[in-house]
Amino acid sequence: MNQIKRIPKHIGIIPDGNRRWAKQNNYEKHEGYSHGILPGFKLYELMLEYGIKEATFYGFTQDNTKRPKIETESFVKAAVEAVNTLANKDANLLVIGNTASKVFPEELKKYANRRVNFGRGLININFLVNYDWNWDLLHAFVAKDLPKTKKVNLHHHIASSDISRIDLIIRWGGRRRLSGFLPVQSVYADYYFVDDYWPDFKEEHFIDALNWYQTTDRTLGG
């Protein structure tokens, strides 16, 4: 293992490029999602090796569900398969997303909005399923117990309040944007972008991101 001294406590993962990978490799677009499951568990093993305490994976968003039905069914199926596989690992799972929607998979409701322990619970894994940043933040604005002071800790009142502040976000697929990924927790995160598509995940992507993180200035605005 590389000697990396400064390890981010919480890493956000945006596994983009599944459809473009599928097209490049002569698959139908919807077939790309299933090829994104194994890379997630390769990364899971690496995060355990490097002592990462928490990781949040972008599963799918409410906007994603506007895609053709066959694609929606495919990424929902992939999300369920990923969680079922994680159930045999050593992690504490928290699924965050709008369970009131018909698209939210029934199989994952038992994990929604509460942390469930699997095995030895070596890492907290958060999985965003049918997530929408507007839905997340709206919980704070409709909260009845907001303090009557000028300064409010918004984090305490959003739907994803059980997810901690993120130190480093890694996005695959070449896009340079967050796409609504946990806006409150990401406010002081550093962003690292990988041009390769997510199904082409390599260990070097993660190691390079950690090495780059050593060079960042973590003042948190101070």
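All values derive from a computational prediction rather than experimental measurement.

What counts and how
- Residue indices begin from 1 for each chain and proceed along its sequence in written order.
- Only residues with pLDDT of at least 70 are given local features in this predicted model, and only at 80 or more are side-chain atom pairs given and counted; all residues enter the totals for whole chains, interfaces and linings.
- The side-chain values count all of the structure's non-hydrogen atoms but skip hydrogen atoms and water molecules.
- To sort residues, take the accessible area from a 1.4 Å probe on protein chains only and compare it with the maximum for the residue type: under 20% means buried, over 50% means exposed, and anything in between is partly exposed.
- Elements are defined by DSSP. Helices are runs of H or I of four residues or more, strands are runs of E of two residues or more, and each kind is numbered from the N terminus.
- Contact between two residues is taken to exist if any of their heavy atoms lie within 4.5 Å; hydrogens are not considered.
- Identification of polar contacts relies on pairs of N or O atoms within 3.5 Å, with a donor-acceptor requirement for protein atoms, meaning one able to donate a hydrogen and the other able to accept it, and with residues adjacent in sequence counted only if both atoms are side-chain atoms.
- Think of it this way: a Phe, Tyr or Trp ring, Trp meaning its six-membered ring, pairs with another when their centres are within 6.5 Å, and the plane angle makes it stacked under 30 degrees, edge-to-face over 60, tilted otherwise.
- Cation placement over rings: the criterion is NZ of Lys or CZ of Arg within 6 Å of the ring centroid and within 35° of the ring normal.

> Looking at this structure, I do not really get helix α5 (residues 203–213). What am I missing?
For the α-helix, the turn length of 3.6 residues means that residues three or four positions removed from each other point alike. Along α5, the residues classified as buried are His 205, Phe 206, Ile 207, Ala 209, Leu 210 and Tyr 213. Buried residues belonging to α5 abut β1 (10–14), α2 (37–49), β6 (168–171) and β7 (190–193).

> Please explain the environment of His 205 as it appears in this structure.
For His 205, the location among the structural elements is in helix α5. His 205 gets classed as buried once you look at its relative accessible area, which sits at 9%. Sequence separation between His 205 and Tyr 192 is 13 residues, and the spatial gap between their C-alpha atoms is 9.8 Å. Setting aside residues no more than four positions away along its own chain, His 205 makes contact with Trp 172, Tyr 192, Val 194, Asp 196 and Asp 200. Side-chain polar atoms of His 205 contact the side chain of Trp 172, separated by 3.0 Å.

> Would you take a moment to explain the packing of aromatic side chains for this structure?
In this description, an aromatic ring pair is defined by two values, namely the gap between the centres and the angle between the planes. Inspection of every chain in the model, using the stated rule, returns 13 aromatic pairs. Plain terms: the ring middles of Tyr 192 and Trp 212 are 5.5 Å apart, the flat faces sit at 50° to each other, and that makes the pair tilted. With Tyr 192 in strand β7 and Trp 212 in helix α5, this pair connects stretches of sequence that are 20 residues apart. Among the aromatic residues, those joined into a cluster by ring pairs are Tyr 58, Tyr 131, Trp 135 and Phe 181. Above the face of the Tyr 213 ring, Arg 6 is positioned so that its terminal group lies 4.4 Å from the ring centre.

Shape descriptors only; they carry no functional weight alone.
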